[in-house]
2 protein chains.
Amino acid sequence: MESHIGQIGVFFNPRSVAVVGASRNVSKAGHVIFKNFVENRTRGVFKGDLYPINPNEDQILSYKCYPSLTRVIDPIDTVVIVIPAESIPKVMKEAAAKKVKAAVIISAGFGEVGNTAIEQEVKDIAKNAGIRLLGPNCLGVYDSRSGVDMLFLPETKVLQSGDEVVATPRPIPGNLAVVSQSGAFGVAALDYLTGREMGISKFVSFGNKADVSEPEVLSYLKEDDETKVILLYAEGIASGREFLRVAKEVTERKPIIALKAGRTSSGARAAASHTGALSGTDSIYESAFAQAGIIRARDMDDFFHIGKAFSAQPPASGDGIAILTDAGGPGVMAADECELRGISIRKLSNETIQKFEKLKEQQRIPKFATNLNPVDLTGSASSEMFELAAKILLDDSEVHALIVIGLHHVPGLTEDFVDRIASVVHQYKKPVVACDIGETEMAMYVRSRFDKQGIPSYSSPEDAARSIVALVKYGLYLMKEGCYVEYLASMKGRNEPTTR
Amino acid sequence: MESHIGQIGVFFNPRSVAVVGASRNVSKAGHVIFKNFVENRTRGVFKGDLYPINPNEDQILSYKCYPSLTRVIDPIDTVVIVIPAESIPKVMKEAAAKKVKAAVIISAGFGEVGNTAIEQEVKDIAKNAGIRLLGPNCLGVYDSRSGVDMLFLPETKVLQSGDEVVATPRPIPGNLAVVSQSGAFGVAALDYLTGREMGISKFVSFGNKADVSEPEVLSYLKEDDETKVILLYAEGIASGREFLRVAKEVTERKPIIALKAGRTSSGARAAASHTGALSGTDSIYESAFAQAGIIRARDMDDFFHIGKAFSAQPPASGDGIAILTDAGGPGVMAADECELRGISIRKLSNETIQKFEKLKEQQRIPKFATNLNPVDLTGSASSEMFELAAKILLDDSEVHALIVIGLHHVPGLTEDFVDRIASVVHQYKKPVVACDIGETEMAMYVRSRFDKQGIPSYSSPEDAARSIVALVKYGLYLMKEGCYVEYLASMKGRNEPTTR
């Protein structure tokens, strides 16, 4: 018998896929899904065999169409099912006869609308036949490297003007895995990540979780070399004990960043009518997540921002955060946010302060720069000053993490300050994040240049602060668990960027 | 004697401006500032007279140059000073002799670096001559309509590649006033607002506040027809009692949204070395702000998001928030955030629930849409359903504010859902905000279309929730103070968009 890992792997790397409900009609989900696979196969991304199943067609997109699964001669690893719920038990029986390994039921109309009997029937067939089942009522799987793409939402929409626009894009390959209970939020996440040029490894949407749920997928992702960071959206978590046991194992190797909605009574009531999830008392989740080393995001932006930080930077080896800035106000804002998230900003060591004093005497940084932490180079900052100051700070053994706030507006600052800072940062194994504020050309250019250098950049001081605090807290957790060194060693490349 | 309002008005609408330290050299602040005025005058935006003052030049940008203020024959309303601090007392004496009304000292090198004597001298000269003084060590004033632009940071920077990029843009005219203690943050705010197409009326940076500070400027903005919303960044507020007295008057007419940094001990220490501000205990600010009706932003994004909400929407007349969505998860997230910010989401009235049940019977909304609040139209949502549901919700007298979450990914949704919702919203005097998630074409298009319809849009459910909660809380404050009706009446146009 295959291991659970192997069973789950079939969803992401099937040698052959059948789409039951494949269609020629562009408005049908069965068309979009089948076409995704066809296009990825044509491009050489999806390498498996492909079978459209539809009794009313001879061929779809030049692929020979079969009236049923059992009429396919070669073996089928994974079946994607997009036909009405009432017809699915019959298909599942055929899948069982065909010895299919995994089934994904995209269709809705099961337990979530009260049709629990049909959900149970489908579940029983799968269980008896040893078929692993994802869904029903889900968006299935997207794998950026294997070319598996079960999303029935087309990449583009045509507006009433006739203009075609990107609507549900697929992110580039990268090291973030996205695991979502909510399909709609999962798709929105893909849209966000694409626009922010953050790459993903795998995407899974669970739907009703008739069989496969979080613990097995997390176990699988723990072993997945393409995944470095796991982003988990959940409203309620069933089999909580098993989930926490697995999560604790995973977080010794990879961070799990969780957005757990239904935190308040308003939200819990909404969640109950959405997924039927019993959200449970939030404080229970809070402490359970902390024990399992799960990093909890406070909101959607936090979720993505922290994911970005982990995809490119290592956790910190202590709680000493330094802030380097050319703008006083934003330095204050970052200091505030670090403390609000639980990590106070300490004064720098006397030794480091003296190094800055010496630079002042040498007139290499402004006489009135402040150096207590934040280190404020003031509006007279230059690229060279940023480089010098970053080096002094990262040299300090009491500085475990660094926030660089480089507002580009300052007159003497040229864009090479990013590269100069990066050249220093790359000599250390300490996490660094950057901030520039603004939504026009130069600000976006500076942030993108930081990102390309593997230093995650943010558009507000608080976002940068929250991300570095997450890197600090996770580092403290790993040290407490005695697996910090092992974790660092297992990271393939320290600053490999997530973004292109 | 002129009123304080009139005295402050001279900073924003001078009939004549002299720039002391005007220069031909592009790298000098005195060049950038003088050129700003020249360009705005050429374009017909700045209508006053303009005098460059520099003893070493005959003319600058074709304007006759004067060796000193006293050599100008016609009267001068406002002087902008950008020469080294030590030469400024002499210039201030000339300004006094010339009966100048207002002086703005951009130059640094005063109290903020320990040169308190020279700051006191300048202050005394101004006081004795009745000259109102802004700064020193500030960025001065930008007025989008009068063409006053004292920002020494050029709009563009040239990269090492030779490419010219927008670096410190000036926002389009709009109804937000930006008042900032931090110059750097102020400039960054202009960059943000420009990129997000949020227009401003006026920008003021105080610097050392030798004379003019928050209370007078707030009083002035209260009477300013071009300003509807005031965004205030502060680290410490001197003359707190006077500030709160004025703020309370202002907030009966216009919202003040405050970002008060230095909230924690880490931040307070940073603020002390930045502006020398004694940040004070945060809880004191918290309660003082609440008493004065000041809306407190939690972070930078909050600051801008709430500003955007107020610039286009009225405050609510009660605390009943409805959430309308096509995506369950984001609906839960919005409900959570409303409650976390202090406003719980209540179940809708039976009457309203029955209206939705009737629509289900008529098959005009999905049978499995939920209607308790959030109202979830599910992934089967269409534009018509959004229109119907918005109308039912806004018709409910217990619904005082509405969050619309319209994720565009849903297959049946066409972009006209925005216009259909807007046509309903415009029939009511209830605040509405919108959310679509995603960072690629269609998401941005949907959000921009909402913005153009005067419905502020946000890229996360929590941002939308925070903004609507601010509109609710401010409405409750106005009602408690007995000035809600008057406030609404004074609003010129209910949904006039802030964005172009």
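Bear in mind the structure is a predicted one, so any value in this text is a computation, not a measurement. Within each chain, residues carry numbers counting from 1 in the order of the written sequence. Starting at A for chains and at 1 for ligands, labels are handed out in the order in which the entities are written. With pLDDT at 70 or above as the cut-off, local features in this predicted model cover only qualifying residues; side-chain atom pairs require 80 or more to be listed or tallied, and sums for whole chains, interfaces and linings still use all residues.

1. Considering the overall build of chain A
Turning to step 1, where the next piece is worked out: Counting its regular elements, chain A contains 17 helices and 21 strands.
Turning to step 2, where the next piece is worked out: Compactness check: chain A gives a C-alpha radius of gyration of 25 Å against a globular reference of 23 Å for 500 residues, within 12% of the reference.
Turning to step 3, where the next piece is worked out: Taking the principal axes of the C-alpha coordinates as reference, chain A spans close to 85 × 50 × 40 Å.
Turning to step 4, where the next piece is worked out: Taking the contacts inside chain A whose residues are at least 6 apart along the sequence as the reference set, 74% of them involve residues at least 24 apart. Each helix corresponds to a stretch of at least 4 residues labelled H or I by DSSP, and each strand to a stretch of at least 2 residues labelled E; elements are numbered beginning at the N terminus. Between the two quantities, the radius of gyration covers C-alpha atoms and the globule rule is 2.2 Å times the number of residues to the power 0.38. Any two residues are considered in contact once their C-beta atoms, placed from the backbone, lie within 7 Å.

2. A closer look at the relation of the copies chain B and chain A
Turning to step 1, where the next piece is worked out: At an RMSD of 0.1 Å, chain B and chain A line up after a rotation of 180° and a shift of 0.0 Å along the axis. A rotation of that kind, with that shift, is consistent with a two-fold axis. For chain B, the minimum C-alpha distance to the rotation axis belongs to B:Asp301 and amounts to 5.3 Å.
Turning to step 2, where the next piece is worked out: The fraction of interface residues of chain B whose copies in chain A are also interface residues reaches 100%, indicating that both copies meet through the same surface. A residue counts toward the fit only if its pLDDT is at least 70 in both copies, and the copies are then superposed by least squares on the C-alpha atoms of those residues.

3. Details of the sheet that holds strand E12 (residues 200–205) of chain B
Think of a sheet as strands paired side by side through backbone hydrogen bonds, with each pair either parallel or antiparallel.
All names here are of chain B.
Turning to step 1, where the next piece is worked out: Strand order in this open sheet of six strands is E8-E12-E11-E13-E14-E15, and the pairing throughout is mixed. Every other strand in the sheet has two partners, leaving strand E8 (140–143) and strand E15 (295–296) as the edge strands with one partner each.
Turning to step 2, where the next piece is worked out: A pair of strands is considered paired only if DSSP assigns at least 2 bridges between the two. Sheet analysis places E8 next to E12, joined by four bridges and oriented antiparallel. Bridge pairing links Tyr-142 to Phe-203 in E12.

4. A few points about helix H14 (residues 417–425) of chain A
All names here are of chain A.
Turning to step 1, where the next piece is worked out: Put simply, a residue is buried when 20 or more other C-beta atoms lie within 10 Å of its own C-beta and exposed when 12 or fewer do; between those, it is partly exposed, and each C-beta is set from the backbone. Of the residues making up H14, those classed as buried are Phe-417, Val-418, Ile-421, Ala-422, Val-424 and Val-425. Projected onto a plane normal to the axis of H14, the buried residues spread over an arc of 160° and lie on a single side.
Turning to step 2, where the next piece is worked out: Each element contacted by the buried residues of H14 is listed here: helix H13 (383–395), strand E19 (401–405), strand E20 (432–435) and helix H15 (441–452). What the arc describes is the spread of directions from the helix axis to the C-beta atoms.

5. Description of the interface of chain B and chain A
Turning to step 1, where the next piece is worked out: Counting residues at the interface gives 76 residues for chain B and 76 residues for chain A.
Turning to step 2, where the next piece is worked out: It is helix H11 (residues 328–340) of chain B that provides the largest number of residues to the side of chain B that touches chain A, a total of 12 residues.
Turning to step 3, where the next piece is worked out: Basically, the charged four are Asp, Glu, Lys and Arg, the nonpolar ten are Ala, Val, Leu, Ile, Met, Phe, Trp, Tyr, Cys and Pro, and anything else, Gly included, counts as polar. Looking at the side of chain B that touches chain A, its residues break down into 35 nonpolar, 25 polar and 16 charged.

6. Overview of the domain arrangement of chain A
Turning to step 1, where the next piece is worked out: Domain assignment breaks chain A into domain 1 (4–234) and domain 2 (314–490).
Turning to step 2, where the next piece is worked out: Here the C-alpha centroids of domain 1 of chain A and domain 2 of chain A sit 42 Å apart. Domain start and end points were adopted from an automatic or database domain assignment.

7. Focus on the pairing of strand E1 (residues 16–20) of chain A
Residue and element names in this part refer to chain A.
Turning to step 1, where the next piece is worked out: The element E1 is extensively covered by neighbouring structure, given that four of its five residues are classed as buried.
Turning to step 2, where the next piece is worked out: Where E1 meets strand E2 (residues 49–53), five bridges bridge the pair, whose relative direction is parallel. Residue pairing in the sheet places Val-20 in a bridge with Ile-53 of E2.

8. A word on the environment of B:Met198
Turning to step 1, where the next piece is worked out: Within the element layout of this structure, B:Met198 appears in the loop between helix H5 (183–195) and E12.
Turning to step 2, where the next piece is worked out: Remark: the alpha-carbon pair of B:Met198 and B:Asn56, spanning 142 residues in sequence, is separated by 41 Å.

9. Concerning unusual backbone geometry
A negative phi angle is the norm for most residues apart from glycine, just as the trans form is the norm for most peptide bonds.
Turning to step 1, where the next piece is worked out: The step from A:Gly135 to A:Pro136 runs through a cis peptide bond, and the omega angle for that step is -5°.
Turning to step 2, where the next piece is worked out: Residue position: A:Pro136 is located in the loop between strand E7 (132–134) and strand E8 (140–143).
Turning to step 3, where the next piece is worked out: Put simply, B:Asn373 and B:Pro374 share a cis peptide bond, and its omega is 0°.
Turning to step 4, where the next piece is worked out: Relative to the assigned elements, B:Pro374 resides in the loop between strand E17 (370–371) and strand E18 (375–376).

10. A word on the nonpolar core
Soluble globular proteins: nonpolar side chains tend toward being buried together.
Turning to step 1, where the next piece is worked out: If you look at the biggest cluster of nonpolar residues, it comprises 341 residues, and the most contacted ones within it are A:Ile81, A:Ala103, A:Ile403, B:Ile81, B:Ala103, B:Ile257 and B:Ile403.
Turning to step 2, where the next piece is worked out: When neighbours within four sequence positions are excluded, B:Ala103 is seen to be in contact with B:Val79, B:Ile81, B:Met92, B:Ala95, B:Ala126, B:Ile131 and B:Leu133. Only buried residues count toward a nonpolar core: Ala, Val, Leu, Ile, Met, Phe, Trp, Tyr and Cys, linked into one set through C-beta atoms within 7 Å.

11. As for the sheet that holds strand E6 (residues 102–105) of chain A
All names here are of chain A.
Turning to step 1, where the next piece is worked out: The strand order E2-E1-E5-E6-E7 describes an open sheet built from five strands, whose pairing is parallel. Edge positions in the sheet fall to E2 and E7, since each of these pairs with one other strand and no more. Taken over all neighbouring pairs, the strand axes of this sheet differ in orientation by 15° on average, direction set aside.
Turning to step 2, where the next piece is worked out: In this structure, strand E5 (residues 78–81) lies alongside E6, joined through four bridges in parallel fashion. In the sheet register, Val-79 faces E6, and the bridge partner there is Ala-103.
Turning to step 3, where the next piece is worked out: To obtain each axis, a line is fitted to C-alpha atoms, and for helices this fit is confined to the stretch in contact; angles are then taken between N-to-C directions over 0 to 180 degrees. Here helix H2 (residues 29–42) sits on the sheet and contacts E1, E2 and E5; the angle it forms with E1, its principal contact strand, is near 155°.

12. Notes on the pairing of strand E14 (residues 256–260) of chain B
All names here are of chain B.
Turning to step 1, where the next piece is worked out: By the criterion of burial, E14 is predominantly enclosed, with five of the five residues buried.
Turning to step 2, where the next piece is worked out: Note that strand E13 (residues 229–234) and E14 share five bridges and pair parallel. Bridge assignment links Leu-232 to a residue of E14, and that residue is Ala-258.
Turning to step 3, where the next piece is worked out: In terms of handedness, the path from E13 via helix H7 (residues 240–251) over to E14 forms a crossover that is right-handed.
Turning to step 4, where the next piece is worked out: Of the strand pairs in this sheet, E14 and E15 are connected by two bridges, and their pairing is parallel. Bridged to Ile-257 within E15 is Ile-295. By definition, the crossover connecting two strands over a helix is right-handed if that path, from the first strand to the second, turns clockwise as seen with the strands pointing away from the viewer.

13. Quick notes on H7(B)
All names here are of chain B.
Turning to step 1, where the next piece is worked out: Spanning 12 residues, H7 covers 16 Å between terminal C-alpha atoms, matching the ideal 16 Å at 1.5 Å per step.
Turning to step 2, where the next piece is worked out: Turning to H7, its buried residues are Phe-243, Val-246, Ala-247, Val-250 and Thr-251. Buried residues along H7 cover an arc of 130° about the axis, so they all sit on one side.
Turning to step 3, where the next piece is worked out: The secondary structure elements touched by the buried residues of H7 are helix H6 (214–223) and E14. In a helix, the anticipated span is given by 1.5 Å times the number of residues less one.

14. Comments concerning the confidence of the model for chain A
All names here are of chain A.
Turning to step 1, where the next piece is worked out: Here chain A shows a mean pLDDT of 94. Residues at 70 or above account for 96%.
Turning to step 2, where the next piece is worked out: When the criterion is pLDDT under 50, residues 494–500 qualifies, and its contacts beyond four places in sequence or with other chains add up to 26 contacts.
Turning to step 3, where the next piece is worked out: For this predicted complex, the interface confidence score (ipTM) comes to 0.94, while the overall pTM stands at 0.95. Across the chain, each position has a pLDDT score giving the predictor's confidence in that residue, from 0 to 100.

15. A short note on the environment of B:Ile256
Residue and element names in this part refer to chain B.
Turning to step 1, where the next piece is worked out: Inspection of the secondary structure assignment puts Ile-256 in strand E14.
Turning to step 2, where the next piece is worked out: Taking C-alpha positions, Ile-256 is 15 Å from Ser-213, a pair spaced 43 residues apart along the chain.
Turning to step 3, where the next piece is worked out: Each residue touching Ile-256, except ones within four places of it in the same chain, is listed here: Ile-230, Leu-232, Ala-247, Val-250, Thr-251, Ile-294 and Ile-295.

16. With respect to the environment of B:Gln181
Turning to step 1, where the next piece is worked out: Within the element layout of this structure, B:Gln181 appears in the loop between strand E11 (173–180) and H5.
Turning to step 2, where the next piece is worked out: Counting along the chain gives 42 residues from B:Gln181 to B:Leu139, while the straight-line C-alpha distance between them is 9.8 Å.

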